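# Breakdown of the fold
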Amino acid sequence: FLPRDSFSLWQCTLQMQPACFDPVLVANASPIASGSPSSQGHSKTEPSPKAIDASRTTSSLRNSRPDIANENGTSKIKFFKGPYEEDDDGLIRKKGASSPDASPSRLSGSPVSAYPTYKPGAVQASTPVPPPRMGFSPPSSGMPTGSPFGGMSPPPGGASFSMYGGDTPGATTPGAYTPIGFTPTGYTPGSYTPGGPIRRANSGYALDASTPKLSSGTPRKFGAPAASPTSRRRTESKKPSTRIDPEQVPRPVGQPEAIKEEGGKVYETNKYHVPPAATAVCTIIDRGSASCEFIRSTVNQVPAFPSTANTAHVPMAVICQPFAELTSYEADIPCVDLGEPGPFRCNRCKAYVNPFFTWHNHGKEATCNFCNQRLEVPQEYMVGLDDKGQRRDKDERPELNRGTVDYIAPTDYSDALPVVPATIFVIEATQRSLQCGLLPQVMWTLRSLLGFMEQPSSKIGILLFDHALHFFAFYPGLDCARQITVSDTEDPFAPCGADALLVDAEDPAYRNQIDTLLDELPGLLCAEGLAEQAAGCAALKAATELVGSRGGGHVVMFHASLPNSGIGALRHRDDIKLAAEPEGGGLFNVQQPTFIEEIGNDCLARGVAVSVFCAPATGIYIDMATLSRIPRRTGGEICFYPGFDPSRDGERLHYDLSRTVVQSSVYSVMFKLRVSKGLAVDSMHATWDPEVIDPSTFAVSRMSVDATVDFSLVHGERIEGQKNAFMQVACLYTSKKGKRLIRVHTLQLPVTSSLSNVFRYTEIDSVTNLLLKQAADSALSGNGSFKDKLTKACVDMLHAYRSNCASMTSAGQLILPESLKLLPLYIGSIRKFPAFRAGLDIKVDDR
């Protein structure tokens, strides 16, 4: 686990009548409001009643639960913590009045904050920023004008609650809710996702040079005076001598290498032997072999003989992230249109043409670098050769000089014409969802994202569910959307066509209706009262059928409680004794397997992806094993916020949802990995369960920019006599603009017969990634021995190096390969992950 970058947090308030929140206030009554002694947060002395009243007035942020009263005696519910700082005692306290830019985030106190930090405005919107709406005044305080979260002074009177997202001007409307005005300028939500996969940082980030390096000295005993370096050395010298020098024990570095230029160090793919670390700040230049951002190998020199690979015990695998984001210092991926004939391919192994094809007979023939088949070049692709045997148009054709390229797919590559994906947000609108703060936080985040959705992929829909399904239809010429309620949750359906339920958020004919709906919904729901039943599975079925009817898209689900009514209703089965077992006691199995598998198969057939955001209150069981099954089948995101508190988790949900919606995801993906002669694909490991056709081929409804998949390789025969081995990834997909494309990555690796070179050029990041995915697959399948397998894999690799590459040293000396010296530390950390721990201290949903 790597630390998240620090963020600046801002606070906003929304006006609401106190009467609308009476049920919420009772459920969310904080210890401070009740005068309980346990409600004093981190205070070291018991406060007086006056101090308690003062804490009510100032809305202290020391509590993790929302405060209840303000100075006017009206109700006030807090949905997120504003700017705060850490004092000398290690307590988190609210800062005084200061500019947001000068307010350090609560994440800046991380012990490893030397990683790149977040810069507001470093990533600009890729489309022209829409102008402010008429009638809205510019912010006068709060956030800087370059941020979408402008400041405001709340109107006097009435209750208020605050959530993550910032302040914007608004005016009171019927329903006792204050609508929010929003001006998206200067910042693209989703440029960073706390808790999500760590992407390689670059010039958009800056290192915190003030962070001290981690100290590796001897820990100080309680009550003992601090020892100077001289006294520490004198104390250690009195210990009995051992054969292992403690100063030589491998440990991770505390401070990364300083960045000397914008974009970091420049690497060319045809020159480095081992790619830079995944967290390095660098710029990769494609010189014919694919960038390490897209594809990495555990061994950067492939063993020529199966016996060498078996002796080393280092797993041979490639880790593919085919749609990784590039930085502004790296060239865009070229797109090649060769018309209906399509790209030139080998007629034997079906590999795509790449820079490592060789050409003969004046350009009329070519030799495939994967299977060594001699091919006849089509007439329309034929070009003469120069005196070096290279095509004369090599510099003009990206597919002949770049390791990564996109092709326009011919029409015969797909069964149906591609469509622009649409997104529907399915939100739980029960009493529990409002009480825990999920519903208002989601509404605010959606409101803030409308200005950052690029056309034509800006078609959205909104569906609420409690004991029934509530659709919202949009028609041109109306002032607000029409609500259509479907009460039949045993056989749910969409009440009208997709053209009315899924509309373009950037179309002026619908934008005002969507804004009004998002502004007024929380207030209207408070006034009407909410049910306790949640027909989540019925809403899921109706939403997937609606999106599938138009050709594919994305369904984003939000749950605050267990779906307990309608078709596919789940039962409460949380059992502490069963959850404490290493295999999970069967709690990892899916409830309603027939219903879930039917929806999963239908989503794969129609190109529909499902993402799930689960935010239960503290102690609430929500059955993540079942709710995450369809996202794992379709390539959706799975986000879990146990004990959801908007003051603590609102920021994380805001950026998780922003990245999920705004990023350049692809849909209807067909994935294939090809390897050169002598190698074979043995197995595949991913963070989802795709439709596997064979170990090297799978289909999935969606792949995000962070999606990775690992392929384990084995020797099919000797590859002696070959200087290089090749891997090629081919992805057929539909972009968010509705184009059907083929992305091709080609990687070249040298072949070696030396066991020492295998260890020398092994990359520990890729090895750990593979072992972690293998352990997760074993744990989910009910195999409780995955921890022993992790330890055995580590011991086998280090023992192989010790016995074969360092046998001349003394038997008692600790000898580790330089490339794998941190492997024991990583394996020990993986074994302690909550997901791999069994006991009464962790719940099955958390695992």
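The paragraphs below set out a description of the structure included in this document. Each chain has its residues counted from 1, running along the sequence as written. Local features in this predicted model are restricted to residues of pLDDT 70 or higher, and side-chain atom pairs are both shown and tallied only at a pLDDT of 80 or more, whereas totals for entire chains, interfaces and linings draw on every residue. The basis for every side-chain value is the complete set of heavy atoms in the structure, and neither hydrogens nor water enter the calculation.

Moving on, we come to the overall build of the protein. Helix and strand definitions follow DSSP, with helices as H or I runs of at least four residues and strands as E runs of at least two, each counted in order from the N terminus. Per the secondary structure count, the protein includes 19 helices and 30 strands. Intrachain contacts of the protein at a sequence separation of at least 6 include 73% that bridge at least 24 residues. Accessible surface area values rest on a Shrake-Rupley calculation with a 1.4 Å probe, where residue burial reflects the displayed protein chains alone. Only carbon and sulfur atoms are counted for the fraction: they give 52% of the accessible area of the protein, which is about 37,800 Å². Contact definition: two residues touch when any of their heavy atoms are within 4.5 Å.

Helical geometry note: an α-helix holds 3.6 residues per turn, so side chains three or four residues apart project in the same direction. When accessible area is computed with a 1.4 Å probe and restricted to protein chains, residues below 20% of their type maximum are described as buried, those above 50% as exposed, and intermediate ones as partly exposed. By the burial criterion, the buried members of helix α19 (residues 823–831) are Leu 823, Ile 827 and Ile 830. When α19 is viewed along its axis, its buried side chains cluster within an angular range of 60 degrees and face the same direction. Against α17 (764–780) and α18 (786–804) lie the buried residues of α19. Comment: arc refers to directions from the helix axis out to C-beta atoms.

Another point: the state of the cysteines. Here, the term disulfide refers to a pair of cysteine sulfur atoms separated by no more than 2.5 Å. Within this structure, the stated rule accounts for 0 disulfides. Not engaged in a disulfide, the cysteine Cys 282 finds its nearest cysteine sulfur in Cys 292; these two sulfurs lie 6.1 Å apart. Between Cys 614, a free cysteine, and Cys 639, which holds the nearest cysteine sulfur, the sulfur-to-sulfur gap is 9.2 Å. The exposure class of Cys 614 is buried, given its relative accessible area of 0%.

Okay, a negative patch on the surface next. Residues enter patches when their relative accessible area tops 30% and they take part in no salt bridge; the joining distance is 9 Å for like charges and 5 Å for the nonpolar side chains Val, Leu, Ile, Met, Phe, Trp and Tyr. Within this document, salt bridges are pairs made up of a side-chain nitrogen of Lys or Arg and a carboxyl oxygen of Asp or Glu, the two lying within 4 Å of each other. In this tally, Asp and Glu contribute negative charge and Lys and Arg positive charge; neither His nor the terminal groups of the chain are included. In this description, the location of a charge corresponds to atom NZ of lysine, CZ of arginine, CG of aspartate or CD of glutamate. A cluster of acidic residues, Asp 488, Glu 490, Asp 491 and Glu 545, forms a negative patch at the surface. You can call Asp 488 partly exposed: its relative accessible area is 36%.

Per the stated rule, a full pass over the model turns up 28 salt bridges. Measuring nitrogen to oxygen at the nearest pair gives 2.9 Å for the salt bridge that ties Asp 796 to Lys 792. In this pair, Asp 796 and Lys 792 are both assigned in helix α18, 4 residues apart and thus about one turn of the helix distant. Within the structure, one salt-bridge network assembled from shared partners comprises Glu 597, Arg 629, Arg 632, Arg 633, Asp 689 and Glu 691.

What follows covers the environment of Ala 539. Residue placement: Ala 539 occurs in helix α10 (residues 536–549). By relative accessible area, which is 0% here, Ala 539 ends up buried. Expressed as a C-alpha distance, the spacing of Ala 539 and Pro 492, which sit 47 residues apart in the sequence, is 7.3 Å. Ignoring anything within four residues of it in the chain, the contact list for Ala 539 reads Val 426, Leu 463, Phe 465 and Leu 469.

Here we take up the sheet that holds strand β28 (residues 709–715). When DSSP locates at least two bridges between a pair of strands, those strands are taken to pair. Read from one edge of the open sheet, 4 strands run β8-β10-β28-β25, paired in antiparallel fashion. Two strands in the sheet have a free side with no partner beyond their single neighbour: β8 (295–297) and β25 (679–686). Put simply, the sheet's adjacent strands are angled 25 degrees from each other on average, direction ignored. In terms of strand pairing, β25 meets β28 through 7 bridges, oriented antiparallel. All axes here are fitted lines through C-alpha atoms, helices being fitted over the stretch that makes contact, and every angle between N-to-C directions spans 0 to 180 degrees.

So, on to the sheet that holds strand β12 (residues 358–360). Pairing is antiparallel in the open sheet, where 3 strands are placed in the order β12-β13-β14. Lying at the two open borders of the sheet, with one neighbouring strand each, are β12 and β14 (374–376). Along the sheet, successive strands turn relative to each other by an average axial angle of 30 degrees, direction set aside. Of the strand pairs in this sheet, β12 and strand β13 (residues 365–367) are connected by 3 bridges, and their pairing is antiparallel.

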